[in-house]
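# Analysis of the macromolecular model
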Amino acid sequence: GREEEISYLVGFCPVPLVESLRETAEKNGWVILIEDPLSDEPVPTLLRHSSWTGLFQPVMNFIGVTPGYGEFDTNGIFLIFFSIFFAMIMGDGGYGAVLLLGTFMVDRWYKQRSREMVRHFYLISVTTIIWGAVTGLWFGVETLSHLPILRDIIIPSLYSFARESGQAIMHLSIFIGAIQLSIARIYGAIRQYPSLTLFAEAGWVFLIWGIYFIVRCLLLQDKLNTLVFVLLGFWAAMLILFGEQRDDGFMKGILRGMAKSLLNILNGIGSFSDLISYIRLFAVGLATKEIAVAFNNMAGDVGFNDIVSVIVAVFILIFGHTINILLGAMSVLVHGIRLNLLEFSKNLSIQWSGIIYSPFIIKRSQEL
């Protein structure tokens, strides 16, 4: 802005650069006023990643979301769980090998590549191959899983062509969900320290595992574990005792906690739906496998008896599996990212309302 003969700039500066800004202002004869931002100011977010957490940033850039100032940077957690989600949704070790080969070719011959994106694709390709190996799924062909080396890697309870594998993978999906949601609540409890409300936040972890046993009972026909009642009771007690504590007295906090019990019950039902959402890892992975098997059967029905039938069958296989890989990738964008940005983030109270810190660069001080 400009007021008479005075021109001025107003903006945000990262704390590590404040001293450098002071020195630059003194050197150039600028008057400078540095203040901490107010609580209601739209402070931009500047993220600094390690070589590990930076691998997920291309995905976040693609989605176009940024955590708000003061919220958690979840890239590290997202990278771990997104890799697992990708592997379970894509589901096929053969598809992972195709992605690995494609990533290697891009890394080798495409010079304008994003290094972080290439490394990220290496990671999800390898995790997909590992998942395909332990489930015995290679391009949807059961015969390949019986080959000497591949059959020794299979975990029998997860074997894709066994009827019993459905319940095992469904259970694994729920278990992964309970772990991720628990991590969100534990992070939330750490953020509340030293306030007593950290105990209430920790109480939500007990609710998640109580819901875990309930879901196992409802979906997997397991016997309801009596530990459920202990977990739910502990959750309720923590919310009543510590959920609404302020600086005006412990008993007043308890009364507020009792008054808010009904709302907490409704939020608890929301946590039930959050955990159930992880079933999509099993369901979408199963769909990917069945589509692969269907195209294989179509090619088999055409046969490989003559040149024409071979060409048609090979075309069906290439076309079908290419479509399936693309559908799997779309499913990851819809379901894998959703579990991170919605279910996990909601339990960590991340609203993704951040503004990316994007400063201008002054090449010559005279330009100011």
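A brief structural summary.

Rules and cut-offs
Residues numbered from 1 in each chain as written. Predicted model: local features only at pLDDT ≥ 70, side-chain atom pairs only at ≥ 80, totals over all residues. Heavy atoms only, no water. Helix = DSSP H or I, 4+ residues; strand = E, 2+ residues; numbered from the N terminus. Expected span 1.5 Å × (residues − 1). Buried < 20%, exposed > 50% of the residue type's maximum accessible area, 1.4 Å probe, protein only. Contact = heavy atoms within 4.5 Å. Salt bridge = Lys/Arg side-chain N within 4 Å of Asp/Glu carboxyl O. Phe/Tyr/Trp six-rings, centres within 6.5 Å; stacked < 30°, edge-to-face > 60°. Lys NZ or Arg CZ within 6 Å of the ring centre and 35° of its normal.

## Examining helix α12 (residues 280-302)
Its 23 residues give α12 an end-to-end C-alpha distance of 33 Å, which sits within 8% of 33 Å, the value for a rise of 1.5 Å per residue. Those residues of α12 not exposed but buried are R280, L281, F282, V284, G285, T288, K289, A292, V293, F295, N296 and A299. Where α12 is buried, its residues touch α3 (75-90), α4 (93-109), α7 (165-192) and α13 (307-347). Once α12 finishes, G303 follows within two positions and takes phi at roughly 90°, a positive value.

## Examining the pattern of salt bridges
If charged atoms from side chains of opposite charge come close, those side chains can pair. Scanning the model with the defined rule gives seven salt bridges in all. Here R216 ties to D222 by a salt bridge, and the two come within 2.7 Å at their closest N and O atoms. With its nearest N and O atoms 2.9 Å apart, the salt bridge here joins E343 to R338. Given the relative accessible area of 1%, E343 is considered buried. Judged by its relative accessible area of 31%, R338 is partly exposed.

## Here's the deal with the packing of aromatic side chains
In the structure shown here, the tally under the stated rule is 19 aromatic pairs. Between the aromatic rings of Y95 and F139, the centroid separation amounts to 6.0 Å while the plane-to-plane angle is 75°, which identifies the pairing as edge-to-face. Residue Y95 is located in helix α4, and its partner F139 is located in the loop between α5 (115-135) and α6 (148-153); the two are separated by 44 residues in the primary sequence. Given a relative accessible area of 30%, F139 falls into the partly exposed group. Taken together, a centroid distance of 6.0 Å and an interplanar angle of 65° make the contact between F242 and F250 edge-to-face. Residue classification places F250 among the partly exposed positions, given a relative accessible area of 39%. In this structure, R185 is placed above the aromatic ring of W204, and the distance from its NZ or CZ to the ring centre is 4.5 Å.

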